[in-house]
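Below, each chain spelled out in residue letters.
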Amino acid sequence: MTTPPNIVLVHGAWADGSSWSSVVERLQAGGYHVTAPQFPLTSLADDVARLRQVLDFQDGPTVVAGHSYGGQIITALGTDAPNVAGLVYIAAFGLDQGESLGALLSQGPPTPALAHLFTDKQGFGWLSEEDFVNHFAADVDPVRARVMYAVQQALAGSAFTDVMGVPAWKSQPSWYLVASNDEAIPPAAERQFASRMGATTVEIPSSHVAMVSHPDEVARLIESAAQAVPA
């Protein structure tokens, strides 16, 4: 019997590993070994180092899924990710070489979820409660959304200026879930990311946090990736 690949889930900014809880439960029920670690969000280099640390103790091929800024982390693995078998982007950034988050986001007006982003004295960005509940997690029950707001992890400002090297999706098969009601990353940008990486793409009517509001669809896409990659 073939052993299924491992699955590593990478959370984004203003979130933590618990944002994947409902997806983890579904994937574990399907027999997958799943890891959803915490990322420091102190710099892109620190976050990539944490991902490599987690990948080092995976036994065998691994599918890596990233949400939002988590897509930046998995993309920054570049060509040096020997046990990664596939990449899954959930309403996530999929930058190309030479691009940065800040340059991309500056191409248009701030999205509703980021309209009142503020920076603390240490240079970390935070979301306001109103924007988090009403826009970032717009289709999540407000009680749960406020809990998510309470446990948000701020993102280092340097993450917006870090320039992408050779992206991992250039050499790895990829899958992409477009959240058509996303108010953090414009859905048109998500479609562009998916198209240029040649990703197998699905689109659902979800807010930015699709893994919370639509865990069935997210788990299904990750599982389809796991079934498609070599064991």
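See the structure shown above.
Residues numbered from 1 in each chain as written. Predicted model: local features only at pLDDT ≥ 70, side-chain atom pairs only at ≥ 80, totals over all residues. Heavy atoms only, no water.

Caption draft 1: Looking closely at the nonpolar core. Trp 20, Leu 51 and Ile 222 are the most contacted members of the largest nonpolar core, which totals 77 residues. If we skip the residues at most four places from it in the chain, Trp 20 touches Leu 9, Val 10, His 11, Ala 36, Ala 65, Gly 66, His 67, Ile 90, Met 211, Val 218 and Ile 222. (Core = buried A, V, L, I, M, F, W, Y, C linked by side-chain atoms within 4.5 Å. Buried < 20%, exposed > 50% of the residue type's maximum accessible area, 1.4 Å probe, protein only. Contact = heavy atoms within 4.5 Å.)

Caption draft 2: Examining the packing of aromatic side chains more closely. Taken as a whole and assessed by the stated rule, the structure comprises five aromatic pairs. With centroids separated by 6.3 Å and ring planes inclined at 85°, the aromatic side chains of Trp 14 and Phe 136 adopt a geometry described as edge-to-face. Placement of the pair is Trp 14 in the loop between strand S1 (6-10) and helix H1 (21-29) and Phe 136 in helix H5 (residues 129-136), with a sequence separation of 122 residues. With a relative accessible area of 1%, Phe 136 lands in the buried category. (Phe/Tyr/Trp six-rings, centres within 6.5 Å; stacked < 30°, edge-to-face > 60°. Helix = DSSP H or I, 4+ residues; strand = E, 2+ residues; numbered from the N terminus.)

Caption draft 3: Examining the side chain of His 67 more closely. Tracing the chain through its elements places His 67 in strand S3 (residues 62-67). If we skip the residues at most four places from it in the chain, His 67 touches Val 10, His 11, Gly 12, Trp 20, Ile 90, Ala 91, Ala 92, His 208, Val 209 and Met 211.

Caption draft 4: Local environment of the environment of Arg 146. With respect to the helices and strands, Arg 146 occurs in helix H6 (residues 142-150). Linking Arg 146 and Val 163, residues 17 residues apart in sequence, is a C-alpha distance of 33 Å. When sequence neighbours within four positions are dropped, the list of residues in contact with Arg 146 reads Glu 129 and Val 133.

Caption draft 5: Main features of the pattern of salt bridges. This model, assessed by the stated rule, comprises five salt bridges. Note that Arg 196 and Glu 99 form a salt bridge whose closest N and O atoms lie 2.6 Å from each other. Of this pair, Arg 196 sits in helix H7 (residues 187-196) while Glu 99 sits in the loop between strand S4 (84-90) and helix H4 (101-105), placing them 97 residues apart in sequence. The exposure class of Arg 196 is partly exposed, given its relative accessible area of 28%. (Salt bridge = Lys/Arg side-chain N within 4 Å of Asp/Glu carboxyl O.)

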